[in-house]
Amino acid sequence: MPRVATYTALTVLAAIYLLPIYVLIITGLKSFEEVNLYRMWDLPAAFSLETFARAWLGSESQGFRGLSNNFWNSVRLTVPATLLSALLGSINGYVLSKWKFRGADGLFMLLLFGMFIPYQSILIPLVQALRSIGLYGSIAGLIFAHVVYGIPITTLIFRNYYATVPGELVEAAKIDGAGIFGIYKSVMLPVSMPAFAVVMIWQFTSIWNDFLFGVIITPRPAVQPITVALNNLAGSYIVEWNVQMAGALLAALPTMLVYILLGRYFMRGLLAGSLKG
Amino acid sequence: MFRRIRVLTVLSLLLIGAIMQVGWAGVARTNKLEIFSWWTAGGEAEGLSGLFSAYKRQYPNVEIVNATVAGGAGTNAKAVLATRLTGGDPPDSFQVHAGLEIEKYAPDRFLESIDSLYRSEGWERALPRGVLTLLQFKGHYYSVPVNIHRANVLWYSKKVFADNNLQPPKTFAEFFQVAETLKAKGIAPFVMGDKEGWEAGHVFEVVLIGVLGADGYRGLWTGKTAWTSPRVTEALNTFKRMLTYTNTDHAALTWDGAGQYLIDGKGAMQIMGDWQDGWFQSKKFADYGWAPPPGTTGIFDALSDSFALPRRAKNRENALNWLKIAGSKAGQEAFNPKKGSICARTDCNQSLFNAYLQSAAKDWQKDALVPSVMHGAATIESWATKYKDIIALFVTSGDVARTQTALQAACKDAKVCM
Amino acid sequence: MHDTVPTQVRTVQITRLARNGRWKMPTGDRLISLLLLAPSVVAIAVFVYGFIGFTGFASLTRWDSLVPDFSFVGMHNYVVLFSTTRFQIDLRNTVTFTVLFLVCCLSIGLSLALMLDRGIRGEGVFRSIFLFPLALSFIVTGVVWRWLLNPGSVQLGSTGINLLFDLLGLGFLKTGWYTDPRIGIKAVVIAATWQMSGYVMAMYLAGLRGIPEELREAAIVDGATGFQVYRHVILPLLHPITLGAIIILGHISLKIFDLVVAMTGPGPGFSSDVPAFFMFDTTFRGDNFSQGAGIAVIILIMVAVLIVPYLLYSLRAEAQP
C-alpha cells in the first residue's frame, strides 16, 4: 500500500477518533447563550469558561450540585487505594516469583481468575459484608473494595516483572545472609521502580474511572466519586447538555493528564495485563 | 537518592492528607435535618425550597441538608434510599408516594408509625378521606401527605389548536380526528418523552381509565377486573394507534423534553401529570390549555407525595417538626403553588394558586377518584415496575396479545389475580 | 562474619522433609513468605470465591424484598429469567454486541497496527491519538457518545453525527441510532470500539515489532510478495495476540455495564439493555435480590466459559519451561 495512501488513511482515522474530544472541548468553551444542540459542531465565537464553572460549582438556581466535591472524593479514593494495592501486589509478586512452593502457580491462576469475574456476581454479598464491618457507604469502604479486587492484576504485573530478575541475584543475597525482607529490600526494591510506575498508573486509571463500585458502595451523593456524580449529572433531565459535556471533560482530566505525561507506563500496564508470561 | 526521598515524601504527604480527609468526614454533627427526595427539576425544587423556608421560620437554628438524588424519575433515589434504610444510615425524612409504594420499604421494620402525630395535629380532620385511605398501611400511618397531583391531564398548545380551529378531544374518536388533521400539517399531534421508561406506562394508565371507566380501572388492581378482558385489549389497541401520532424521537426525550415541543409550537398535545403545569411556569410559558384526556371527564387519577419517618433517624426531633410543618396549612401553602400541585389539606387558601390548580382543586372535590399506578398509589412497587416494563416493551413491539398475557402474569405474581 | 545459620536451618528443613516425605510446618523465611501471601489469599478466597458461592446460593432463594428471605426455591428464578422477554432480549443483545465489538476492534486494531508498523513519521502521535480513549472512563465515553449519536428530531433538526452528515453532504447516512430499536445496542458498539480499538492496535504493534526482521527478509528472498509475506508469515505469528485480545475484549463485552448506563439506558423496547444492567436494575432498584443473583450467575458462567480454558492453557504453557 503506497505511503501516501497510508498517511491519508491514518489522518482521516485520527480525525474521526478525535471528533468526540473536539466536541467536548468546544462545547465546554462556549458561553451559555451560544450553546445549541443543533449547532453542535460550530466553533465557539468567543472563549468562555462559564460552562466549566457551572459544571464544577453547580447551580443553585437550576438545582444541581457541581462536581468539585466529588472530584475530591475521587482523589481521596484513588490515591490511597493505588498506593496500597501497589504495595500488596509487589509483596505478592515477590513471594510468588522468588519463594515458590508446590502449587504456587496453580494458586496464582486461582488468584488471577479474580481479575476476570464480572463484579455483578459479588455485588450483593459485598454490600452485606461491607455493612457488617461498618465500611458501607464510605470512601474507606471503596478503598477496601478496590484494594481487594486489585490484588489479581497488581500481583500479575509484579510477578511477571520479578520473574525477570535473575535467580542468581536472590541466591547471592541468601548466601550473604539476607532473609526474606532483606532480599526484598536489597534485590527487588532497587529495580522495582518501573513496575511500581506501571502498576500505579494502571491502578490509578482503573480506580479513578470505576463506576460500578462507586454507585453501589457509596449511594449518598456527598460521598460519591466523580464518575457516579457525572452520571447523575448527565442523567438528570434538568441539566443542560453542555454542562454534562463540560462535566465529562472535568472528570476525564486527571486520567487524560496521566496518559499524556506518563503514557509509556500506561501502555506497559495495559500490555502487561494481557500478555501472559 | 534525593529524588527518591522527595518522591517518597510527596507520596506520604498525599497519603496522609487523603486519609485525614477520610477521617474528618465522620466528625460530630451539628443541629441538622436531612431531607431526602428526588425533587431536582424546576417547579419541584422551588416548591421544596418553599417548604424549607416555612420550616426555617419556625426553627431557624436547624441546618437543612437537601439530599436529592436525580435521575430515573425517582428510581435512583428509591434505590439509594433502600440501601440507606437497610444499612442503618437513614435520612431524617424522605419523599414517598402515598399508597402501596411504601410497602417497598418494609414499614414495620424500617419506619416509625406516626399515628400519634395524626392525632395531635388533627390531620384526620384536615385531610380528605380519599387520601387517608391511601396512607394507611396495615392499619397505621407512616407518612404525611403534602400534596395531590393529578395524572390524567391533557395539555395542549393553545396556539396550535387556535391556528387549526380545533377543540380538545373528549373521546378517542375525536382525538384521532384531531390527530389526523395535525399530522397532515407536519405538527406532532401527540408528544411523548419516554426515555426514562415510565411515561409510556403513565399514558397507558390514562388510556385504561378512558376505556374502562373509574370502576373498571380500579378493579384491575384489586382483581375484580380481569386483565384478559376485551376492554383491556381495546385499550391496548387504542394506545397502539395513538403511538402512530407521536414524535419520532420520543425514545430519546424525557417528559419535559417532549414538553418543549408544545412550547415551540411544534407539537400539539401531551398527556402528563400536573407537575407539567409547574414546569411550564418555570419556563415562563403561558399559552397552554388543559382538559381531561379522552374518556376521563369526571375522573381524577390521583397520586400524592408524602414524607415518612425512618427508624433510627439521627435528628428525630427535627424530623418530627418537619413532618408537622409538611402537614400544616402554612407548609402546604408554601409548597404547592410552586410545585404545581394542590394541597392535600382541604383548608388551603385557593387564591394562592394559578388558574389550572384552582380548577384542579375543584375537580378534586367532585370527581371520581382513582389511584395512579405509575406513581405508587395503586399497587406495590414490584408490580408497578413489571407493568412499567411491559408497557415500555409494548411501545416498540406493538404485540397486543403477548402484552396482555404478560400483564395478567404480573397480576398473578403480585398475588392479586388467581 | 557471615551468619551461616539460615543455611543450616534450610538444610535441616530439607532433610526433615526428605526423611518422612510428609508435609512439615514451614519455618523461618518460608513461613514468613506464606504469611505475607496469606492476607491476599484469604481476601480472594472470601471476596471472590466465597462471594460467588453466596450469590449462587442467593439465586436459589426467594429473596425479593429489603428483608432477606432465604427460603429455597430451586431453579425457579432461572426458569422465570429465561422466560422473561427482557432477559431474552438482553441475551440476544449480548451476543450481537460481543460479536460486532470483537470483529470491529480486531479488524480496526489490526489495520491501524499494520499501517503504523511501516515506520512512518509521526507514528508516536498517531499511536497516542488512537490509544487515548482507553484512558477515559466508560461513563465519560457514554456521556459524549450519547450526544454524538443523538439523532435530533424531524421537527427540531438534526444533531450530533447526523448533523455532521448533513454538513458534509452525507445526509443519507442519518439514522435514529440508539433511539431506533432496530439499531439499539449496535450504537453502543460504536462507542465501545472507539474506546478499545487502540488497545488492540497496541497489542498488535507490540507483536509485530516482536517479529524478527530476518523472517520477513527470508520470505522475500524466497520470492513472496509483500501481501504474501503478511498472509503466510506475519499474520499467523499474531495468532496468540488475537487470542489474547479476544479473551480481554470478550470478557469486557460480556459484563458491559457502565457504558450502557451512561449512554443509552435500556433503550426503546430494551434494544440496548444488557444482562449487567438488568441485574443492577432488578437488584438495587427492584429489590429482587434473588433474581439479580441469578442474572449475576449467568453472566459469570458466560465469562467462565471464555476465561477458564484460557487460564488452564496458560497454566500448562507456563509449566513448560
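Residues numbered from 1 in each chain as written. Chains lettered and ligands numbered in written order. Predicted model: local features only at pLDDT ≥ 70, side-chain atom pairs only at ≥ 80, totals over all residues.

S.K.: Mind laying out the overall build of chain A, listing which residues take part and the relevant values?
M.R.: Along the backbone of chain A there are 11 helices and 2 strands. Taken from N to C terminus, the helices and strands of chain A fall in the order α-α-β-β-α-α-α-α-α-α-α-α-α. Principal-axis analysis of the C-alpha atoms places the extent of chain A at approximately 75 × 65 × 30 Å. Residue burial in chain A is summarised as follows: out of 277 residues, 54% are buried. Within chain A, contacts between residues separated by at least 24 positions form 73% of all contacts whose residues are at least 6 apart in sequence. (Helix = DSSP H or I, 4+ residues; strand = E, 2+ residues; numbered from the N terminus. Buried ≥ 20, exposed ≤ 12 C-beta atoms within 10 Å, placed from the backbone. Contact = placed C-beta atoms within 7 Å.)

S.K.: Explain the overall build of chain C to me, and be specific about the residues and the numbers.
M.R.: When helices and strands are counted, chain C shows 14 helices and 0 strands. Reading the secondary structure of chain C in the N-to-C direction produces α-α-α-α-α-α-α-α-α-α-α-α-α-α. Whereas a compact globule of 321 residues would reach a radius of gyration of roughly 20 Å, chain C reaches 26 Å, over 25% beyond that. Taken over the C-alpha atoms alone, chain C extends approximately 85 × 70 × 40 Å along its principal axes. The 321 residues of chain C split such that 47% are buried. Considering only contacts within chain C whose residues lie at least 6 apart along the sequence, 67% involve residues at least 24 apart. (Rg over C-alpha atoms; globule rule 2.2 N^0.38 Å.)

S.K.: Outline the environment of Ala229(A), supporting the account with residue identities and numerical values.
M.R.: Residues and elements named next belong to chain A. Looking at where Ala-229 falls in the secondary structure, it is placed in helix H10 (residues 226-235). Taking the C-alpha atoms as reference, Ala-229 lies 44 Å from Val-187; in sequence the two are 42 residues apart. If near-sequence neighbours (up to four positions away) are discounted, Ala-229 is found in contact with Leu-67, Asn-70, Pro-221 and Gln-224.

S.K.: An account of the domain arrangement of chain A is needed here, citing residue identities and associated values.
M.R.: In terms of domain boundaries, chain A breaks down into domain 1 (1-48) and domain 2 (68-229 + 251-272). On a C-alpha basis, the centroid separation for the pair domain 1 of chain A and domain 2 of chain A is 36 Å. (Domains from an automatic or database assignment.)

S.K.: Go over unusual backbone geometry, please, and point to the residues and values.
M.R.: Residues and elements named next belong to chain B. The phi angle at Ala-106 is positive, at roughly 45 degrees, despite the residue not being glycine. Looking at where Ala-106 falls in the secondary structure, it is placed in the loop between strand E3 (93-97) and helix H4 (107-110). Even without being glycine, Lys-138 reaches a positive phi, approximately 50 degrees. Following the sequence through the fold, Lys-138 ends up in the loop between strand E4 (136-137) and strand E5 (140-141). We classify Lys-138 as exposed; it has 9 C-beta atoms within 10 Å.

S.K.: I'd love a proper account of the pairing of strand E1 (residues 32-37) of chain B, names of residues and values included.
M.R.: All names here are of chain B. Burial analysis of E1 places 5 of its 6 residues in the buried class, which makes it a mostly covered element. In the sheet, E1 pairs with strand E2 (residues 63-68) via 6 bridges, with the strands oriented parallel. In the sheet register, Leu-33 faces E2, and the bridge partner there is Ile-64. As paired elements, E1 and E3 share 2 bridges and run parallel to each other. Along E3, the bridge assignment pairs Ile-35 with Ser-93. (Pairing = 2+ DSSP bridges.)

S.K.: Describe the interface of chain C and chain A, naming the residues involved and giving the relevant values.
M.R.: Across the contact, 78 residues belong to chain C and 71 residues belong to chain A. Counting residues per element, the side of chain C that touches chain A draws most heavily on helix H2 (residues 28-58) of chain C, which supplies 15 residues. Counted by class, the side of chain C that touches chain A contains 57 nonpolar, 15 polar and 6 charged residues. (Nonpolar A, V, L, I, M, F, W, Y, C, P; charged D, E, K, R; others polar.)

S.K.: Just give me the short version of the nonpolar core, but keep the residues and values in it.
M.R.: Residues Leu230(A), Ala248(A) and Val188(C) are the most contacted members of the largest nonpolar core, which totals 303 residues. With residues near it in sequence (within four places) discarded, Ala248(A) still touches Leu24(A), Leu230(A), Val140(C), Val143(C) and Val144(C). (Core = buried A, V, L, I, M, F, W, Y, C linked by C-beta atoms within 7 Å.)

S.K.: If you had to explain the sheet that holds strand E6 (residues 143-145) of chain B to someone new, which residues and values would you point to?
M.R.: Residues and elements named next belong to chain B. Strand order in the open sheet formed by 5 strands is E2-E1-E3-E13-E6, with mixed pairing between adjacent strands. With one partner strand each, in any of the chains shown, E2 and E6 form the two edges of the open sheet. Between one strand axis and the next, the sheet turns through 30 degrees on average, direction left out of account. Sitting on the sheet, helix H14 (residues 316-326) is in contact with E1, E3, E6 and strand E13 (305-308), with an inclination near 55 degrees to E1. (Axes fitted to C-alpha atoms, helices over the stretch in contact; angles between N-to-C directions.)

S.K.: Hey, could you go over the packing of helix H4 (residues 104-116) of chain A against helix H6 (residues 139-162) of chain A for me, with residue numbers and the actual values?
M.R.: All names here are of chain A. Their axes nearest at 7 Å, the elements H4 and H6 cross at an angle of 125 degrees. As the angle between them shows, H4 and H6 are arranged oblique. The handedness of the crossing between H4 and H6 is left-handed. Side by side, H4 and H6 meet where Phe-108, Leu-111, Leu-112, Gly-114 and Met-115 of the first sit next to Tyr-149, Ile-151, Pro-152, Ile-153, Thr-155, Leu-156 and Arg-159 of the second. For the contact of H4 with H6, a count of residues per class yields 9 nonpolar, 2 polar and 1 charged. (Parallel < 35°, antiparallel > 145°, perpendicular 65-115°, else oblique. Left-handed = near helix turned anticlockwise from the far one by under 90°.)

S.K.: Before we move on, can you summarise the sheet that holds strand E12 (residues 299-303) of chain B with the specific residues and values?
M.R.: Two modes of strand pairing occur in sheets, parallel and antiparallel, and in both the strands are linked by backbone hydrogen bonds. All names here are of chain B. With respect to topology, 4 strands assemble into an open sheet ordered E14-E7-E12-E15, the strand pairing being mixed. Each edge of the open sheet is held by one strand with a lone partner, namely strand E14 (342-343) and strand E15 (368-371). Here E12 runs beside E15; their pairing, made up of 4 bridges, is parallel. Bridged to Phe-300 within E15 is Leu-369.

S.K.: So what's going on with helix H8 (residues 180-209) of chain A? Residues and values would help.
M.R.: Between the first and last C-alpha of H8(A) there are merely 36 Å, a value that for 30 residues lags more than 12% behind the 44 Å anticipated at 1.5 Å per step. Along H8(A), the largest kink reaches about 55 degrees and is centred on Ser192(A); proline Pro194(A) follows within four residues of it. (Expected span 1.5 Å × (residues − 1). Bend = angle between axes of the 7 residues up to and from the residue.)

S.K.: Account for the packing of helix H11 (residues 230-243) of chain B against helix H18 (residues 400-413) of chain B, with residues named and values stated.
M.R.: All names here are of chain B. Viewed as axis vectors pointing N to C, H11 and H18 meet at an angle of 130 degrees, and their least axial separation amounts to 10 Å. Compared by their axis directions, H11 and H18 come out oblique. H11 and H18 meet at a crossing whose hand is right-handed. Along the contact surface, H11 presents Val-232, Thr-233, Leu-236, Asn-237 and Lys-240, while H18 presents Val-400, Thr-403 and Gln-404. A breakdown of the residues in the contact of H11 with H18 according to their chemical character gives 3 nonpolar, 4 polar and 1 charged.

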